[in-house]
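Listed here are the chains, written in short residue letters.
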Amino acid sequence: MKLVAIGDSITEGYPFSSMESWVEHLAKELKCEVVNQGINGDFTLGMLERFERDVLSCAPTHVIILGGANDAYEQIPLDQVSPNFIKMVRLCAKQEVTPILGLPTPSLLAEEERVLIEYRNWLIKYAAKNCIPVIDFYSPFLLRIQEGRAAEFYVDEVHPSIKGYALMGEVAAQSWKNF
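Quick notes on the rules
Residues numbered from 1 in each chain as written. Predicted model: local features only at pLDDT ≥ 70, side-chain atom pairs only at ≥ 80, totals over all residues. Heavy atoms only, no water. Helix = DSSP H or I, 4+ residues; strand = E, 2+ residues; numbered from the N terminus. Buried < 20%, exposed > 50% of the residue type's maximum accessible area, 1.4 Å probe, protein only. Contact = heavy atoms within 4.5 Å. Areas by Shrake-Rupley, 256 points an atom, 1.4 Å probe, with all protein chains shown as cover. Lys, Arg positive; Asp, Glu negative; His and termini not counted. Charge placed at Lys NZ, Arg CZ, Asp CG, Glu CD. Pairing = 2+ DSSP bridges. Axes fitted to C-alpha atoms, helices over the stretch in contact; angles between N-to-C directions. Salt bridge = Lys/Arg side-chain N within 4 Å of Asp/Glu carboxyl O. Disulfide = S-S within 2.5 Å.

Trainee: Honestly, the overall build of the chain in this entry has me stumped. Any pointers?
Mentor: Looking only at helices and strands, the chain features ten helices and five strands. Along the longest, intermediate and shortest principal axes, the C-alpha atoms of the chain span 45 × 35 × 25 Å. Put simply, the chain has 179 residues, and 53% of those count as buried. The contacts of the chain with a sequence gap of at least 6 include a subset with a gap of at least 24, amounting to 75%. For the chain, the computed accessible surface area is about 8,300 Å², with 53% contributed by carbon and sulfur atoms. Charged side chains in the chain number 16 positive and 24 negative. The centres of these two groups are separated by 6 Å.

Trainee: Explanation requested: the sheet that holds strand 3 (residues 62–66) in the structure shown.
Mentor: Strands pair in a sheet through their backbones, by hydrogen bonds, and they do so in one of two ways: parallel or antiparallel. Spatially, the five strands line up as an open sheet ordered 2-1-3-4-5, and their pairing is parallel. The open sheet has two free edges, formed respectively by strand 2 (33–38) and strand 5 (134–136), since each of these has just one partner strand. Between one strand and the next, the sheet's axes are offset by a mean angle of 20°, whatever the strand orientation. For strand 1 (residues 2–7) and strand 3, the ladder comprises five bridges, and the chain directions are parallel. Note on strand 3: the bridge partner recorded for Ala5 is Ile64.

Trainee: Honestly, the environment of Ala72 in this entry has me stumped. Any pointers?
Mentor: Considering the arrangement of structural elements, one finds Ala72 in helix 5 (residues 69–73). A relative accessible area of 0% means that Ala72 is categorised as buried. Sequence-wise, Ala72 and Pro99 are 27 residues apart; in three dimensions their C-alpha atoms are separated by 22 Å. Those residues in contact with Ala72, other than ones at most four positions away along the chain, are Glu112, Val115, Leu116 and Tyr119.

Trainee: Sorry if this is basic, but what is going on with the pattern of salt bridges here?
Mentor: Two side chains of opposite charge can pair, provided their charged atoms sit close to one another. Counting across every chain of the model gives ten salt bridges. In this structure, the salt-bridge partner of Arg149 is Glu152, at a minimum N-O distance of 3.1 Å. Across the pair Glu152 and Lys163 runs a salt bridge whose closest N-O atoms are separated by 2.6 Å. Highlighted residues: Glu152 in helix 9 (residues 150–153) and Lys163 in helix 10 (residues 162–177), separated in sequence by eleven residues. Via salt bridges that share partners, Asp42, Arg50, Arg53 and Asp54 belong to a single interconnected network.

Trainee: How should the state of the cysteines be read in this particular structure?
Mentor: As enumerated under the stated definition, the model contains zero disulfides in all. For Cys131, which is in no disulfide, the shortest distance to another cysteine sulfur is to Cys92 and amounts to 15 Å. On the accessibility criterion, Cys131 (71% relative accessible area) is exposed.

This is the structure:
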């Protein structure tokens, strides 16, 4: 098994190194090769544009697609973002790679979160309709926010702390056991 994770800064592990990312936590848990293809500042269109080079050229068996935070920050409408996810999933199908969709973590910025809610709802429906596994990174963070613990799990309004990335890794590993 070989896994590639593609995404933005939250996949990359920003503002820390990739060694503190949720991807690294998952790799340690799964004890297999996991390639981190997160790029700080990337949009879903950028992820799509580099998908063949950064994902498919690695010949993975599985790919986790987690993105949308930067799209939401720029208020890019769902009808411009959802085709990027659809095309990435279709590229996986052509290469017999199993896609897994990640639900973006909550943003503490109200306007960004409003858009992310639309993205998440769409991702959930799309995944269910197409029998695509989902990793829910959203709910565990929402719970911590509701408990008044956001400062423990974020370094700013969007990016997880070291503790936040560890939580994401735990969530991904637990989800993997259920696929």
